[in-house]
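Report on the structure
Each chain, written out:
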Amino acid sequence: MTDLDLLIAGGTVVTSSGRRRLDVGVRDGVVVHLGPDAPSATRTVDAGGLLVLPGGVDTHVHLMDPGSPEREDFPTGTNAAAVAGVTTIIEHSHGTPVRTVDDLAEKVRYLGDRSNVDYGLAAHAWPGRAADVAGLWAAGVSFFKVFTCTTHGIQGHDAARLHQHLTAAAQAGAVSLLHCEDESLTEAAETLLRAEGRSDGGIVPEWRNREAELVAAAVAALLVRRSGARATVAHVSHPEVAGYLAAERARGAALAAEGCPQYFLLREEEVLEEGPLRKFTPPARARTDEDEAEMWRLLRAGTLTHMSSDHAPSTLEQKRAGDIWNVHFGLPGLDSTMSLLLDAVARGHLAYEDVARVYSERPAQIYGLWPRKGRVAVGADADLVLVDPTAQRTLRDEDVLSKAGWTPFAGRTVRGGVAQTYLRGTLVAEEGRPRDERTGRLVPGAGVDAEHRQALLPA
């Protein structure tokens, strides 16, 4: 009888602290061996010349399911994740926000056989409902999404309501993800732009302006520190915002700063030509190669703590179904984020160790998925990505698996490619093709109590 279910032999294992030639042995979905002299295995995969990275942990994903499955659903979106090398996501859909324990239970039932990767579920914080935080955290949500402006139909929190939420979250030990734009500033800009009769793409950076993000992020960061809460500021779009967050972190705030590829690689002026295809908020801020280089430097240094896709897809038809004011915000990103990070290594912005840190290890740690997720180590889930560092391809709309069917990075040539993705030791994607076997499982949040854990997980 063999000792292992799977042996990945001859690859170079990458962690945030370095890389080593190691064999990876898997039994019952868990890594049980790292090193030479591996026991025999039912299946051996030759990973010679390949890197073995921890599966991507993308903690900011919108799959619109249930709610708007014509934009994206769990089966399709998680196929895109698996092919891209992402093995765990944390999802929240704005169309059907989770606001109560019953909402969460209903969503868990609905998603029972719809995912191809493991997933956590976030709740939406609602102004005036801070009393719901403790119950939802104990029920197993991964974090609370909090808006400081009314967006996507989700009500925004002013400073007083944000403080109430963060105080309740601190008492419960919960984590929050904060979308930071000051509503008074965005409203004033919108009033002026509409009065001028503007409907060109240039309204986006003027409407969702730098000052609105900076003011909201600075206030939120201060309140996180003062309340003793744990939080992440979502989709930090430019270095000045990152600087305010770093300053509050230095004063003791338990505050993470999330980066997304669009704020590194897309340019502010692209919205003038692309219009709705560059409508996301906060919008792109980079204007020069130097702006991009500074964002990569902040990521390497840990000022930006981790990366996510903020996958918020719409089809081309949906993006073109109205004027710039009323089409959906958001971009697809699950298909491309890992590829763009691997290419950043080839371009000298990152090391492979950084990729493991910012897209696996740190997000898993921030949201309580560690040590089960986000690492290649004995005792961890065997969520593994085999990467060919010599692979090269051009990103194309026709290769996108997301229902969006397009990518804002089309035409970009990237180096470094995902060859195989394993979820708990089972192959879920290979060379761009998903297995689509719906083997993804719910991973309850860090605050789940024993009663809810038993109810959420299969026997």
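For the structure itself, look to the data block above.
Bear in mind that the values here come from a model prediction, so they are computed numbers and not experimental data.

1. Remarks on the overall build of the chain
Across its full length, the chain carries 15 helices and 20 strands. Taking 23 Å as the expected radius of gyration for a compact globule of 459 residues, we find that the chain reaches 21 Å, a close match to that expectation. C-alpha atoms of the chain, sized along the principal axes, occupy 75 × 50 × 45 Å. When the 459 residues of the chain are sorted by exposure, 60% land in the buried category. Residue pairs at least 24 apart in sequence account for 75% of intrachain contacts in the chain once pairs closer than 6 positions are excluded. Accessible area of the chain: about 16900 Å², with a carbon and sulfur share of 47%. Considering the chain, the positive charge centre built from 48 side chains and the negative charge centre built from 62 side chains are found 3 Å apart.

2. What about a nonpolar patch on the surface?
On the surface, a cluster of nonpolar side chains totalling about 190 Å² of accessible area is made up of Leu 185, Val 215 and Val 219. Secondary-structure assignment places Leu 185 in helix H5 (residues 183-195).

3. Side note on the sheet that holds strand E20 (residues 433-434)
A sheet is described by the order of its strands in space; here 7 strands give the open sequence E3-E2-E7-E17-E18-E19-E20, paired in mixed fashion. Lying at the two open borders of the sheet, with one neighbouring strand each, are strand E3 (18-21) and E20. By the bridge criterion, 8 bridges tie strand E17 (residues 384-394) to strand E18 (residues 413-423) in an arrangement that is antiparallel. The residue of E18 that forms the bridge with Leu 384 is Tyr 422. Packing of helix H14 (residues 352-366) onto the sheet brings it into contact with strand E2 (12-15), E3, strand E7 (51-54) and E17, and relative to E2 it is tilted by some 60 degrees.

4. Some thoughts on unusual backbone geometry
Put simply, Asp 65 and Pro 66 share a cis peptide bond, and its omega is 0 degrees. Secondary-structure assignment places Pro 66 in the loop between strand E8 (56-61) and helix H1 (74-84). With an omega of 5 degrees, the peptide bond between Trp 370 and Pro 371 qualifies as cis. Tracing the sequence through the fold places Pro 371 in the loop between H14 and E17. A positive phi is found at His 235, a non-glycine position, where the angle reads about 30 degrees. Positionally, His 235 belongs in the loop between strand E14 (230-233) and helix H8 (239-250). Positive phi is not limited to glycine here, since Asp 310 has a value of about 45 degrees. By relative accessible area, Asp 310 is classed as buried at 12%.

5. Brief notes about the nonpolar core
Within the largest apolar cluster, 107 residues are counted, with the highest numbers of intra-cluster contacts made by Ile 89, Phe 144, Leu 245, Phe 264 and Leu 304. Each residue touching Ile 89, except ones within four places of it in the same chain, is listed here: Asp 58, Val 61, Leu 63, Phe 74, Thr 78, Val 117, Asp 118, Tyr 119, Gly 120 and Leu 334. Membership of the second largest hydrophobic core comes to 17 residues, among which are Val 26, Val 52, Ala 382 and Leu 386.

6. Some details on empty space enclosed by the protein
What the rule picks out here adds up to 2 cavities of 30 Å³ or more. Approximately 50 Å³ is the volume attributed to the largest cavity. Forming the walls of the largest cavity are Val 204, Pro 205, Arg 267, Glu 268, Val 271, Arg 278, Phe 280, Pro 283 and Ala 284. Within this model, the second largest cavity holds a volume of roughly 30 Å³. Here the lining of the second largest cavity is built from residues that sort into 4 nonpolar, 5 polar and no charged.

7. Some points on the sheet that holds strand E11 (residues 123-124)
Reading across from one edge, E11-E12-E13-E14-E15-E16 is the order of the 6 strands in this open sheet, with parallel pairing throughout. Looking at strand neighbours, the two that pair on one side only are E11 and strand E16 (306-307), the edges of this open sheet. Across the sheet, helix H7 (residues 210-227) is in contact with strand E13 (175-179), E14 and strand E15 (254-259); its angle to E15 comes to roughly 145 degrees.

8. Here's the deal with the state of the cysteines
For the coordinates displayed, the defined rule picks out 0 disulfides. The thiol sulfur of Cys 149 is not disulfide-bonded, and the nearest other cysteine sulfur, from Cys 180, lies at 8.7 Å. A residue is classified by how much of its surface remains accessible, and Cys 149, at 1% relative accessible area, is buried.

9. A look at the packing of helix H13 (residues 337-346) against H14
For the pair H13 and H14, the least separation of the axes is 9 Å and the interaxial angle reads 150 degrees. Relative to H14, H13 is oriented roughly antiparallel. Considering how the two elements wind past one another, H13 and H14 form a crossing that is right-handed. From H13, Thr 337, Met 338, Leu 341, Leu 342 and Val 345 reach across to H14, where they touch Tyr 352, Val 355 and Tyr 359.

10. Some details on the environment of Pro 282
Here Pro 282 lies in the loop between helix H10 (270-274) and helix H11 (289-301). Sequence separation of Pro 282 and Val 61 is 221 residues, and the distance between their C-alpha atoms is 16 Å.

11. Focus: the side chain of His 94
Inspection of the secondary structure puts His 94 in the loop between strand E9 (86-91) and helix H2 (101-110). Here His 94 falls in the buried class, since its relative accessible area comes to 11%. Within the local environment of His 94, its side chain forms a polar contact with the side chain of His 124, the two groups lying 2.8 Å apart. Once residues lying within four places of it in the same chain are set aside, the contact partners of His 94 are His 62, His 124, Lys 145, Phe 147, His 152 and Ile 154.

12. What to know about the packing of aromatic side chains
According to the stated counting rule, one finds 6 aromatic pairs in the structure shown. Considering the side-chain rings of Phe 74 and Tyr 119, the 5.4 Å spacing of their centres and the 70 degrees angle between planes classify their relative orientation as edge-to-face. On the criterion of sequence distance, the pair formed by Phe 74 in helix H1 and Tyr 119 in strand E10 (residues 118-121) is long-range, its members being 45 residues apart. Classification of Phe 74 by relative accessible area gives buried; the value is 0%. Taken together, a centroid distance of 4.5 Å and an interplanar angle of 50 degrees make the contact between Phe 264 and Trp 296 tilted. Linking Phe 264 in helix H9 (residues 262-265) with Trp 296 in helix H11, this pair joins segments that are 32 residues apart in sequence. As far as burial versus exposure is concerned, Phe 264 and Trp 296 are alike and both buried.

Reading guide: rules and limits
All chains use their own residue numbering, which begins from 1 and follows the written sequence. Only residues with pLDDT of at least 70 are given local features in this predicted model, and only at 80 or more are side-chain atom pairs given and counted; all residues enter the totals for whole chains, interfaces and linings. Side-chain numbers come from the whole structure's heavy atoms, not from hydrogens or water. Labels follow the DSSP assignment, with helices taken as runs of H or I lasting at least four residues and strands as runs of E lasting at least two, numbered in each case from the N terminus. Note that the radius of gyration is over C-alpha atoms, with the globule rule given as 2.2 Å times the number of residues to the power 0.38. When a residue's accessible area, from a 1.4 Å probe over protein chains only, is under 20% of the maximum for its type it is buried; when over 50% it is exposed; and in between it is partly exposed. Throughout, a contact is declared for two residues whenever any of their heavy atoms are within 4.5 Å. For accessible areas, the Shrake-Rupley method is used with a probe of radius 1.4 Å. Any residue's cover is judged against the shown protein chains and nothing else. Only four residue types enter the tally: Lys and Arg on the positive side, Asp and Glu on the negative side; His and the chain ends are excluded. Charge positions come from single atoms, namely NZ of Lys, CZ of Arg, CG of Asp or CD of Glu. Put simply, a patch holds well-exposed residues, over 30% relative accessible area, that have no salt bridge, with like charges counted together within 9 Å and Val, Leu, Ile, Met, Phe, Trp or Tyr side chains within 5 Å. We define a salt bridge as a contact between a side-chain nitrogen of Lys or Arg and a carboxyl oxygen of Asp or Glu at a distance within 4 Å. Two strands pair if DSSP finds at least two bridges between them. Between the N-to-C directions of two axes lies an angle of 0 to 180 degrees, each axis being a line fitted to C-alpha atoms and, for a helix, fitted only over the stretch in contact. Side-chain atoms within 4.5 Å link the members of a nonpolar core, which is a set of buried Ala, Val, Leu, Ile, Met, Phe, Trp, Tyr and Cys residues. Using a grid of 1 Å spacing that covers the protein atoms alone, one calls a set of points a cavity when a 1.4 Å probe fits there but cannot get out, and a pocket when the set is open and has protein on both sides within 12 Å along at least five of seven lines; lining residues are those with an atom within 4 Å of a point. Grid points are joined across faces, edges and corners, and a volume is the space filled by probe spheres set on the points. Side-chain classes follow a simple rule in which Ala, Val, Leu, Ile, Met, Phe, Trp, Tyr, Cys and Pro form the nonpolar group, Asp, Glu, Lys and Arg form the charged group, and the remainder, Gly included, forms the polar group. A pair of sulfur atoms, both from cysteines and within 2.5 Å, is called a disulfide here. To sort the angles, those under 35 degrees are grouped as roughly parallel, those over 145 as roughly antiparallel, those from 65 to 115 as roughly perpendicular, and the leftovers as oblique. With the far helix as reference, a near helix turned anticlockwise by less than a right angle produces a left-handed crossing, and one turned clockwise produces a right-handed crossing. For the purposes of these results, a polar contact is taken to be a pair of N or O atoms within 3.5 Å, where, inside protein, one atom must be able to donate a hydrogen and its partner to accept one; residues adjacent in sequence count only when each atom of the pair is a side-chain atom. Pairing of aromatic rings covers Phe, Tyr and Trp, the last counted by its six-membered ring, and requires centre-to-centre distances within 6.5 Å; plane angles under 30 degrees mean stacked, over 60 mean edge-to-face, and any other angle means tilted.

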